[in-house]
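# Working through the structure, step by step
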Amino acid sequence: MNISYGWVRELAGAGGGSGARSDLPAWLLRAEEAAARITKIAASVEKSETVGVGLEGVVVARVLEVGPHPQADRLSLCQVDRGNGEPVQVVCGAPVIVQGGAYAHVAPGNRLPSGFEIGSRKIRGVVSHGMLCSEAELELGRDRGGIMRLGDDAEPGVPVADYLGLPDTLMVLDLNPNRIDLACHMGVARELAPDGKHLNLRPSGGPEWTPRWCDGESEAEGAGVRVEVKDPSRCVRYLAAVVRGVVVGPSPGWLAGRLLAAGLTPINNVVDATNYVLMERGQPLHAFDLACLRGGGVGVRPAREGEELTTLDGQTRRLTGRSSVIHDARGAVALAGVMGGHDSEVTAGTSDILIECAHFPPLAVRETARETGLATDASYRFERGIDATAQGDALRRCVELILATAGGKADPEALRAGAPPPAPFQIPLRIKRVNQVLGFGLDEPAVAAALDPIGLTTSTDAPGVLDVSVPGWRGDIEREIDLVEEVARRVGFDKPAEKVSRFRPSAVPDDPSFARMDRVRQLFVGRGLLEARSLTFVPGDFRGSRADLAVPNPLSAEEGYLRPAIVPVLLRRLEHNYRRGHRAVRLFEIGTVFGVGTGEGREKYTEEIRVGFALTGGRFPRHWLRTLRDFDIWDLKGIAVEAAERLCGGSVRSLAGDCDEDRRGADEFGASWLEWPGFGMYRDDELVGMAGLVRTEAVKEPAWAGLVIAGEFRLDAVRPSSAPRYEPLPSFPATRRDISLAVPRNVDAAAVEATMSAASPRLLCQAELFDLYSEVSEGDALRGLSWSLEFRAPDRTLTDAEVDVEMGKIAHALEEGLNVAVRGS
Amino acid sequence: MTLSSSPLLERIKELEREGLAAIKEAVDLDALEQSRVRFLGRRGPLASVMGSISSAPPPERPLVGKAANAAKKALAEAMEARKAELAPKRRRLASVDGTLPGRKLWAGGIHPITQVMDEICGIFSELGFTRARGPEVESVHYNFTALNIPLDHPAADMMDTFYLEDGVVLRTHTSPVQARVMEAHKPPIRVVVPGLAYRRDSFDPGHAPCFEQIEGLAVDEGVDFVEFRAAIHHFVNAFFGPSVECRFRPSFYPFTEPSAEVDVTCTVCAGSGCPTCKRTGWVTIMGSGMVDPAVFEQVGYDPERWTGYAFGMGPARIAMVRHGIPDMRLLYEADVEFLGQFA
Ligand SMILES: [Zn+2]
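Residue numbers run consecutively from 1 along every chain, following the written order of its sequence. Chain labels run from A onward and ligand labels from 1 onward, assigned in the order the entries are written. Reporting in this predicted model follows two pLDDT cut-offs: at least 70 for local features of residues, and 80 or more for side-chain atom pairs to be given and counted; totals over whole chains, interfaces and linings ignore these cut-offs and use all residues. Excluding hydrogens and water, the side-chain figures rest on all heavy atoms present in the structure.

### Describing the overall build of chain B
The helix count covers DSSP runs of H or I at least four residues long, the strand count covers runs of E at least two residues long, and both are numbered beginning at the N terminus. From N to C terminus, chain B includes 12 helices and 10 strands. Over its C-alpha trace chain B gives a radius of gyration of 37 Å, far above what one expects of a compact globule, namely 20 Å for 343 residues. Its C-alpha atoms put chain B at 115 × 45 × 40 Å along the principal axes. Burial status follows relative accessibility: with a 1.4 Å probe on protein chains alone, a residue under 20% of its type maximum counts as buried, one over 50% as exposed, and anything between as partly exposed. Taken across its 343 residues, chain B has 54% of its residues classed as buried. Every residue pair with non-hydrogen atoms within 4.5 Å of one another is taken to be in contact. A fraction of 67% describes how many contacts in chain B between residues 6 or more apart in sequence connect residues 24 or more apart. Calculation of accessible area relied on Shrake-Rupley with a 1.4 Å probe; when residues are assessed, cover is drawn exclusively from the protein chains displayed. Of the accessible surface of chain B, which amounts to about 15,300 Å², a share of 54% is contributed by carbon and sulfur atoms. Note on method: radius of gyration uses C-alpha positions; expected globular size equals 2.2 Å times residues raised to 0.38.

As structure tokens, then:
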């Protein structure tokens, strides 16, 4: 929203003339202070810029004579009066220069706002003394394809800046969606004025117009025209006035200057008057060339399927019934509340006009704007809800401005079709409630003083209760709490009050999943993994990993599903790292995975938090003393065991993948990337995760990539806390013995360890595998495995003889139970 | 037969030679230890020679024993000498090129967004806030209706919201957890809700279609705007440091009233104005306000008795401001070079 500071100042009572007051707050004296004040109490001022700077050398010049350039068809030769009686010759490229018209002239030796210095120069053999300027050259807005025409009230020789009332400060406000009342200068002025109920409106300078209203519920007739409003969901109320015999031309300087300072480009006095009222009070209006309306009237209806309308921007649009249009006897003439039609536009030749001042409901305008892809000053305001009581005054203001600037005669009759405006209403406001919510400790007069200046008139009803009447422009205020907010805002969110933040208890226990996440992070970060956070969107088929939950309105096919598992996403992140030339990648992620189950509505969708990890490349950072060794399957098993045992209090089992159960497990964790055999992570005999080597087909990897290991497990399997019990440290030393075994192929290491433990249940305290030879005698039938065994008694130092006995029991049990022989004995 | 040609003595000499060679060739302490086990170990050849001493003719026995002990001693001495050579030595340090790189381990790291979230949760936990969680697939009821957001509100628009089916969305904010928590518990309530939210924004330097949010909610008797302001001040001081100012600006959310946006001094320019803060000197860090009575009514709380405040922050944006990260996409790409900077 663009706001002219000068305009607001004048409305708030700080302008020149009779409305000026002496008791002005600081923010009505300086633009910076105003911006800070608006930001603090109403809406952020995103930026402020000065409009109309660098115009020192630009003065009003009247064209005395205009003729063709002798050497060039497309140029014209003008004699202009700069107010000093000496005609000046200027060559001009614009197609239409009006004799007698006023323009902005820069004399030789002066500069444009851009800094460009103007001289006298020959153009095709004719000397041009300076130039006539366009809006863009004066940095006053968009170029409209010609030279800027000034109003007929412009006196030659007057600096153009003075004539337009510039420079001024244009402020860009970022409005909150509920504060559409701030989308006009009166709205902002109310917030800044000492007394916002009595704003200093600039007189139109023309005759007053007090119409005789011709009312009708669904149609009204008068002033020689008819207005029809049948569907309140398309149009709440439609007011219209007719002015005949206008002379369309440029607007006077004060009005054009205001529009420029508010970021609008003046077009002609009729259109400018509607825009002025829009910017002044937030009510969109539209002027039709009455001669172009067929059948002497207008109405509001849904567009017909396929109906075409050329809008003011010159585009022809095909409409459907979702859009609402203004129509005449033959067809659509405007998009209701959005944009006028090209065919009934007010042009230089227009004489009679119909002025529309309507209240279109937000939803209808939103539909129309959305379907046509248009967002205009009018649709912006209608969509957010305009003042439902303002149409009468706005129409009067607009007609009076047109009479003042374009002449003509207003029909004494005006039309009013639709529902009458809502009656004003009161909301009781309890002072106690204000203080309960705010804690500001305000009394009744302080609350009233906060509300009264912005038109929220208060009166005392019962003790401690104010009756607040809500003006039409504050459609956002419906409840007592809305008034509490107004008080807070107006008093200032920063109103001093003593209070320190303090601890208060919460009845809600800490969700254990966060403690689980903390433990997971601690483990993985300690092992040198980096935490990833990836987008949860994946394609439907990501290299064999199938997602079930489709997003019906995805941003792209690549993001058409929600991830069913974490590891496939990490593998994709891995590929990203490969592309960036990183060979050593260690990632983990904690995130939600999604699925579709049975049930209704939200219950149909399943979600679960999982932990995924993926590693590849060197086990250590490269160092000059040692060659790089890569992560392999044993690193994976190590991580899986640590996660299962330390985090979950569970264990890891090797899964061959040769039975349905194993494959179902892999499926559950989306582990289509897994190269069997894999590892299952278990807690209380329940499969809670899968880990393994990643198949080469599951990752697009460069030739230099290493093995990829990965795993995924359920967060809820992790214990939220671990408070291990202290175990007494041993008081007596252990005795170590190595044992080398020839183990048949069909006997696995775990079985050997279990047998050894069982054979020496009290004294064998640790068995650590330290060596494995694959080839022991007898071909492939045996493996050589060596353990280092530790024996210890809690109450004494073991003698060699005691240990020998244990070793004997172990050898015997292995021989008997597993057919495992002790080697080297 | 001479004593010197005794096979046992020969074997001992041979073992000593082999052992000394192995010790000399040992390139590191590991290798040295291996040769110790091999030659001097309990099951090593010298031990077994000693074990078979009884098989030697009686006159030879003391000689064999002596020779074996001498070999053992020689090996042990050589071992010690080699060990001293191989061990890191102070006296040689002067000749080491100290500019050579040291050996490192991989540094793991917590994601910068997680770091921000953990810190935020930690600061609020000092004020009594616990952590709560809710589903990411959410009903329209909790995501919009319970928060006083009408379904024709622009926030509920198909353009901005991922609808999974009629009435089910990917939550557009973490705020639905407010209603869930209040339905499940009676006041006093103090929770922070770290989690993911989804909006139909394309993935660009300033946006992501899913992003982290931290919601906060405090409900009790006597919680007013001033207390809310004090809590936020406490947070800003603790998180951004005491030199950072904060201010409250009027805002609008359907589920809070009064609503306020909280700005803090731009840390890039210290408030003097720069591109990061769009030359305003301020950076917005949260939307907030007093819980709207309509929300209390939705969950069956008496709005005349209970008051409270709620706030929401975007940890990704805060992480970007804090670390000077120019493009939001970097946070979600898991480039190890990027993540490693915050490890
Ligand atoms: Zn800055």
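Now that the structure is up, let's keep going.
### A short note on the packing of helix α10 (residues 431–438) of chain A against helix α12 (residues 480–491) of chain A
Residue and element names in this part refer to chain A. One way to put it is that α10 packs onto α12 with a least axis distance of 10 Å and a crossing angle of 65°. Taken together, the axes of α10 and α12 lie roughly perpendicular to each other. The hand of the α10/α12 crossing is right-handed. On the side of α10, the interface is formed by R433, V434, V437 and L438, while α12 contributes E480, I481, V484, V487 and A488. The axes are straight lines fitted to the C-alpha atoms, using for helices just the contacting stretch, and the angles between their N-to-C directions are given from 0 to 180°. Here the word oblique covers every angle except those under 35 degrees (roughly parallel), over 145 (roughly antiparallel) and from 65 to 115 (roughly perpendicular). With the far helix as reference, a near helix turned anticlockwise by less than a right angle produces a left-handed crossing, and one turned clockwise produces a right-handed crossing.

### So, the sheet that holds strand β24 (residues 409–418) of chain A
All names here are of chain A. Paired strands, as defined in this entry, are two strands with at least two bridges between them according to DSSP. As summarised here, the arrangement of the five strands in space is β12-β24-β15-β23-β16, forming an open sheet in which the pairing is mixed. The sheet terminates laterally at β12 (212–216) and β16 (286–289), the two strands that pair on one side only. Neighbour-to-neighbour, the strand axes of this sheet turn through a mean angle of 20°, independent of strand direction. Note that β16 and strand β23 (residues 353–359) share four bridges and pair antiparallel. Opposite H286, over in β23, you have E356 as the bridge partner.

### With respect to the coordination of the zinc ion
When a metal carries six donors in an octahedron, the ideal angles between them are 90 or 180 degrees, while four donors in a tetrahedron ideally lie at 109.5 degrees. All names here are of chain B. Here a donor is any nitrogen, oxygen or sulfur atom (N, O, S) within 2.8 Å of the metal, with 3.2 Å used for Na, K and Ca; water is not among the atoms considered, so some sites may look incomplete. In this structure, C266 (SG), C269 (SG), C274 (SG) and C277 (SG) serve as the protein donors to the zinc ion, at separations of 2.2 to 2.3 Å. Irregular is the label for any site that misses the other tests, which are tetrahedral for four donors with all angles between 85 and 135 degrees, and square planar for four donors or octahedral for six when opposite donors exceed 155 degrees and the remaining angles lie between 65 and 115. Around the zinc ion sit four donor atoms; with metal-centred angles ranging over 105 to 113°, the donor geometry is tetrahedral. Mapped onto the sequence, the donors of the zinc ion take the spacing C-x2-C-x4-C-x2-C. Judged by relative accessible area, which is 1%, C266 ranks as buried. With a relative accessible area of 13%, C269 lands in the buried category.

### So, a nonpolar patch on the surface
Where nonpolar side chains cluster on the molecular surface, the patch consists of W624 and L625 of chain A together with L100 of chain B and spans about 320 Å² of accessible area. Position of L625 of chain A relative to the elements: it lies in the loop between β34 (605–616) and α15 (633–647). The exposure class assigned to L625 of chain A is exposed, which follows from its relative accessible area of 55%. Here, patches come from residues exposed beyond 30% relative accessible area and free of salt bridges, joined within 9 Å for like charges and within 5 Å for nonpolar side chains (Val, Leu, Ile, Met, Phe, Trp, Tyr). Throughout this description, the term salt bridge denotes a Lys or Arg side-chain nitrogen within 4 Å of a carboxyl oxygen of Asp or Glu.

### Quick look at the confidence of the model for chain B
On a range of 0 to 100, pLDDT expresses the predictor's confidence in each residue. Looking at chain B as a whole, the pLDDT averages 88, with 95% of positions reaching at least 70. Model confidence for the complex: the whole-complex pTM is 0.86, and ipTM, which rates the interface, is 0.89.

### Topic: the packing of aromatic side chains
The aromatic pairing rule takes the rings of Phe, Tyr and Trp, using the six-membered ring of Trp, and pairs them if the centres are within 6.5 Å, calling planes under 30 degrees apart stacked, those over 60 edge-to-face and the rest tilted. Applying the stated criterion across every chain, the model contains 28 aromatic pairs over all chains. Summarising the aromatic geometry, the rings of Y238 of chain A and F360 of chain A are spaced 6.5 Å apart at their centres and angled 75° between planes, so their arrangement reads as edge-to-face. Of the two residues, Y238 of chain A sits in strand β15 (residues 237–244) while F360 of chain A sits in the loop between β23 and α7 (362–372), which places them 122 residues apart along the sequence. Per residue, the accessibility class of Y238 of chain A equals that of F360 of chain A, and both read buried. Geometrically, the ring pair formed by F493 of chain A and F225 of chain B is tilted, given 5.1 Å between the ring centres and 40° between the ring planes. Residue F493 of chain A is found in the loop between α12 and α13 (512–526), and its partner F225 of chain B is found in helix α8 (residues 225–240); the two belong to separate chains. Neither residue differs from the other here; F493 of chain A and F225 of chain B are each classed as buried. Taken together, F440 and F493 of chain A together with F124, F129, F225, F228, F235, F239, F240, F248, Y309 and F311 of chain B form an aromatic cluster joined through their ring pairs.

### Let's talk about the interface of chain B and chain A
Each partner contributes residues to the interface: chain B has 103 residues there, and chain A has 94 residues. Summed over both partners, buried area is the accessible surface (1.4 Å probe) that two parts give up on being assembled. For the pair chain B and chain A, the summed buried area comes to about 8,400 Å², and 56% of that belongs to carbon and sulfur atoms. Contact with chain A buries area across many residues of chain B, yet W106, R131 and P250 of chain B alone supply 10% of it, more than any other trio. The partner of R479 of chain A in a salt bridge is E257 of chain B, with the nearest N and O atoms 3.3 Å apart. Counted as a polar contact is a pair of N or O atoms within 3.5 Å, where, for protein atoms, one must be capable of donating a hydrogen and the other of accepting one, and residues adjacent in sequence contribute only when both atoms are in side chains. Summed over the shared surface of chain B and chain A, the result is 50 residue pairs in polar contact (both at pLDDT 80 or more). Ranked by residue count, the leading element in the side of chain B that touches chain A is α8 of chain B, at seven residues. Residues are grouped as follows: nonpolar covers Ala, Val, Leu, Ile, Met, Phe, Trp, Tyr, Cys and Pro; charged covers Asp, Glu, Lys and Arg; every other residue, Gly included, is treated as polar. Class assignment for the residues of the side of chain B that touches chain A results in 50 nonpolar, 21 polar and 32 charged.

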